[in-house]
Structures are given as structure tokens and as C-alpha cells.
Amino acid sequence: MIATMVYLCAVFIASLSQILLKRSALEQHENIWRQYLNIKVISAYLMLIVSMFITIYAYKGVALKMGPVLETTNYFFVAVLGYIFLKEKLTKRQLVGVLFIVGGVVISAVGPI
């Protein structure tokens, strides 16, 4: 159970890094170098690296077939964080799409009944 929570924290960190990258992409930058070498982009990539190492550590206690299931929480996290920090609208169609994606991966991970 603890390994699962650690894995979910890694997914959440990766989701935060995606939001940070998008915020940087929405800003105007002085030149091409500033577009790719600014504090938001560098921080986001560092967060992705940290997330990767946490995920690797979490796999010591998480079954391999559960990884993709837990990873799909990323869609949920990004949608909620985008709504909160980027003021993006969430349509019913998007929510249904996220539910179908998560449901499909859960079904494939669980296998035949």
C-alpha cells in the first residue's frame, strides 16, 4: 500500500511538471534560448527526473501490471491541475474521455474476470 502511494506521488509530481511546462510555453520569451532555458522549464524537467526515480523505487513494492493503472491517474491530475492553475475549461466530453481511458487500462490490467 505504501509503494502504491509513493507511485501516485511520483505521478502527481510528473503532472505538476507538465503544468509548469505549459505555463512556460504560454509566456512570451525574449529569445529562443530563454524559451528553453528558463527557471520553469529547468524546474519542470528536474521534477520529471525526480518523478522517474521515485517511480523506479516504487516498483519495488508495486506489481508490474499495476503500473499502467496507476499511471493513468496522470490524466486526472493534469485535468484538475489545468483547471486550477491554467484556468482551462473541463467539458463533459473530456471527463468522459478520461474515464474511458482509465477504465480501459484498469480492465486490461485486471484481465479476464
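Preceding this paragraph is the structure being described.
Everything in this summary refers to the structure shown in the same document. (Residues numbered from 1 in each chain as written. Predicted model: local features only at pLDDT ≥ 70, side-chain atom pairs only at ≥ 80, totals over all residues. Heavy atoms only, no water.)

Relative orientation of the contacting elements helix H1 (residues 2-26) and helix H5 (residues 73-85) amounts to 40°, with a least axis distance of 9 Å. Taken as axis vectors, H1 and H5 run oblique relative to one another. The two elements H1 and H5 meet at a crossing, and its hand is right-handed. Two secondary-structure elements touch here, H1 through Leu8, Val11, Phe12, Ser15, Leu16, Gln18, Ile19 and Arg23 and H5 through Thr73, Asn74, Phe77, Val78, Leu81, Gly82 and Phe85. (Axes fitted to C-alpha atoms, helices over the stretch in contact; angles between N-to-C directions. Helix = DSSP H or I, 4+ residues; strand = E, 2+ residues; numbered from the N terminus. Parallel < 35°, antiparallel > 145°, perpendicular 65-115°, else oblique. Left-handed = near helix turned anticlockwise from the far one by under 90°. Contact = heavy atoms within 4.5 Å.)

Right, let's talk about the side chain of threonine 72 for a bit. With respect to the secondary-structure elements, threonine 72 resides in the loop between helix H4 (67-71) and H5. Judged by relative accessible area, threonine 72 falls into the buried class, the value being 5%. Every residue in contact with threonine 72, bar those within four places of it in the chain, is listed here: Val102 and Val105. (Buried < 20%, exposed > 50% of the residue type's maximum accessible area, 1.4 Å probe, protein only.)

Below, the discussion takes up unusual backbone geometry. Phi is positive for lysine 87, close to 60°, though the residue is something other than glycine. Mapped onto the elements of the fold, lysine 87 is located in the loop between H5 and helix H6 (92-110). According to the relative accessible area criterion, lysine 87 is exposed, its value standing at 66%.

For H5, with 13 residues, the first-to-last C-alpha span of 18 Å sits near the 18 Å given by 1.5 Å per residue. Taken together, the buried positions of H5 are occupied by Asn74, Phe77, Ala79, Leu81 and Gly82. Buried residues in H5 make contact with H1 and H4. (Expected span 1.5 Å × (residues − 1).)

All right, on to the packing of H1 against helix H3 (residues 39-58) then. Taken N-terminus to C-terminus, the directions of H1 and H3 make an angle of 165°; their axes are 8 Å apart at the nearest point. Considered as vectors, H1 and H3 are oriented roughly antiparallel to each other. Handedness of the H1/H3 crossing: left-handed. Every residue of H3 that contacts H1 at Ala3, Val6, Tyr7, Ala10, Val11, Ile13, Ala14, Leu16, Ser17, Leu20, Leu21 and Ser24 is listed here: Lys40, Val41, Ser43, Ala44, Tyr45, Met47, Leu48, Ser51, Ile54, Thr55, Tyr57 and Ala58. Along the lines of polarity and charge, the residues of the contact of H1 with H3 split into 18 nonpolar, five polar and one charged. (Nonpolar A, V, L, I, M, F, W, Y, C, P; charged D, E, K, R; others polar.)

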